[in-house]
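# Inside the fold
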Amino acid sequence: EDQVTQSPEALRLQEGESSSLNCSYTVSGLRGLFWYRQDPGKGPEFLFTLYSAGEEKEKERLKATLTKKESFLHITAPKPEDSATYLCAPQWAAGNKLTFGGGTRVLVKP
Amino acid sequence: NAGVTQTPKFQVLKTGQSMTLQCAQDMNHEYMSWYRQDPGMGLRLIHYSVGAGITDQGEVPNGYNVSRSTTEDFPLRLLSAAPSQTSVYFCASRAAGNNQPQHFGDGTRLSIL
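Now for a description of the structure that goes with this document. Here the structure is a predicted model, which means the values were calculated and not measured.

## Thoughts on the pattern of salt bridges
Evaluated as defined, the whole model comprises seven salt bridges over all chains. Two residues, E55 of chain A and K57 of chain A, come together in a salt bridge whose shortest N-O distance is 3.6 Å. Note that D82 of chain A is salt-bridged to R61 of chain A, the shortest N-O span being 2.7 Å. Placement of the pair is D82 of chain A in the loop between strand 8 (70–75) and strand 9 (84–92) and R61 of chain A in the loop between strand 6 (56–59) and strand 7 (62–66), with a sequence separation of 21 residues. For the pair formed by D82 of chain A and R61 of chain A, the shared burial category is buried. The structure contains a network of salt bridges with shared partners spanning R36, D38 and R44 of chain B.

## Thoughts on the sheet that holds strand 2 (residues 10–14) of chain A
All names here are of chain A. The strand order across the open sheet formed by five strands is 2-10-9-4-5, and the pairing between neighbours is mixed. Two strands in the sheet have a free side with no partner beyond their single neighbour: strand 2 and strand 5 (45–50). Each strand of the sheet is rotated relative to its neighbour by a mean of 25 degrees, with strand direction disregarded. Both strand 9 and strand 10 (residues 104–109) contribute to a ladder of three bridges, which runs antiparallel. The partner of A84 across the bridge, within strand 10, is V106.

## Observations regarding the sheet that holds strand 3 (residues 19–25) of chain B
Residue and element names in this part refer to chain B. Taken in spatial order, the four strands make up an open sheet running 1-3-8-7, and their pairing is antiparallel. Sheet topology places strand 1 (4–7) and strand 7 (64–66) at the edges, where each strand pairs with a single neighbour. The mean inter-strand angle of the sheet, taken between neighbouring strand axes irrespective of direction, is 20 degrees. Direction of pairing for strand 3 relative to strand 8 (residues 76–78): antiparallel, over a ladder of three bridges. Bridge pairing links L21 to L76 in strand 8.

## Description of the interface of chain B and chain A
Opposite the 20 residues of chain B that make contact, chain A presents 20 residues. Surface buried jointly by chain B and chain A totals about 1,600 Å² across both partners, of which 52% is contributed by carbon and sulfur atoms. For the chain B face of the interface with chain A, the top three residues by lost area are L43, N99 and F104 of chain B, together amounting to 33%. Applying the counting criterion to the chain B and chain A interface returns one salt bridge. Where K42 of chain A meets D106 of chain B, a salt bridge forms, and the shortest distance between an N and an O atom there is 3.7 Å. Put simply, chain B and chain A have five residue pairs in polar contact (both at pLDDT 80 or more) between them. Within the residue set of the side of chain B that touches chain A, elements represented by two or more residues are strand 4 (31–38), strand 5 (42–51) and strand 9 (87–94) of chain B. Taken together, the residues of the side of chain B that touches chain A break down into eight nonpolar, nine polar and three charged.

What counts, and at which threshold
- Residues numbered from 1 in each chain as written.
- Chains lettered and ligands numbered in written order.
- Predicted model: local features only at pLDDT ≥ 70, side-chain atom pairs only at ≥ 80, totals over all residues.
- Heavy atoms only, no water.
- Salt bridge = Lys/Arg side-chain N within 4 Å of Asp/Glu carboxyl O.
- Helix = DSSP H or I, 4+ residues; strand = E, 2+ residues; numbered from the N terminus.
- Buried < 20%, exposed > 50% of the residue type's maximum accessible area, 1.4 Å probe, protein only.
- Pairing = 2+ DSSP bridges.
- Axes fitted to C-alpha atoms, helices over the stretch in contact; angles between N-to-C directions.
- Contact = heavy atoms within 4.5 Å.
- Buried area = accessible area lost by both parts, 1.4 Å probe.
- Polar contact = N/O pair within 3.5 Å; in protein donor to acceptor, adjacent residues only side chain to side chain.
- Nonpolar A, V, L, I, M, F, W, Y, C, P; charged D, E, K, R; others polar.

Structure follows, in structure tokens:
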């Protein structure tokens with residue numbers, strides 16, 4: 001059974017304190033892995049797509065990396081506006097379906 | 001640039017009532033999907049469509065109906081609302097092709113009493 005686990009469930013950071021979020025999965029036939037950001041009361045907003053092990057993508061203070069069994073989202077020197085829930089979603093080769101993890105809630109305090 | 005629009009934003013129903021959640025997209029995307037989001041469970045796929053006239057079941061389809069008569073619209077119908085259907089519902093669309101990202105609406109918050 002395809003499973004996705006995100007850790008930690010919640011993360012409290014001081015402004016400027018870098019950290020990493022983990023997304024581990026047991027999806028067979030990985031086609032790609034998506035990262036989304038979700039603000040309270042809003043729908044998920046697309047951040048990155050990673051296609052193969054070793055790939056990295058960056059956007060402002062965020063960098064996503066991918067291995068064969070997990071992905072990391074690194075937040076470097078975060079600011080309060082980086083506070084959100086971050087969702088990962090592997091897509092497997094069997095069709096138009098994503099399996100979403102439960103998310104990591106990040107709170108960055110000034 | 002509206003993207004994916006969902007209506008209503010909030011709704012309260014009584015058990016047994018029926019209703020339709022509306023979803024419209026203006027990006028000419030072929031693929032559209034409905035998800036529900038519950039605390040601690042992530043987003044779960046209810047139904048999806050790969051084009052007008054074509055729909056299929058997702059992970060949790062029971063108690064829901066969909067149809068896709070146009071490219072733009074993908075309504076979700078609750079046939080007889082149950083308290084277990086209390087959730088936040090998200091509609092998403094994406095372009096055809098491998099690894100195209102999904103674009104989400106801002107959700108409908110539904111409470112069933």
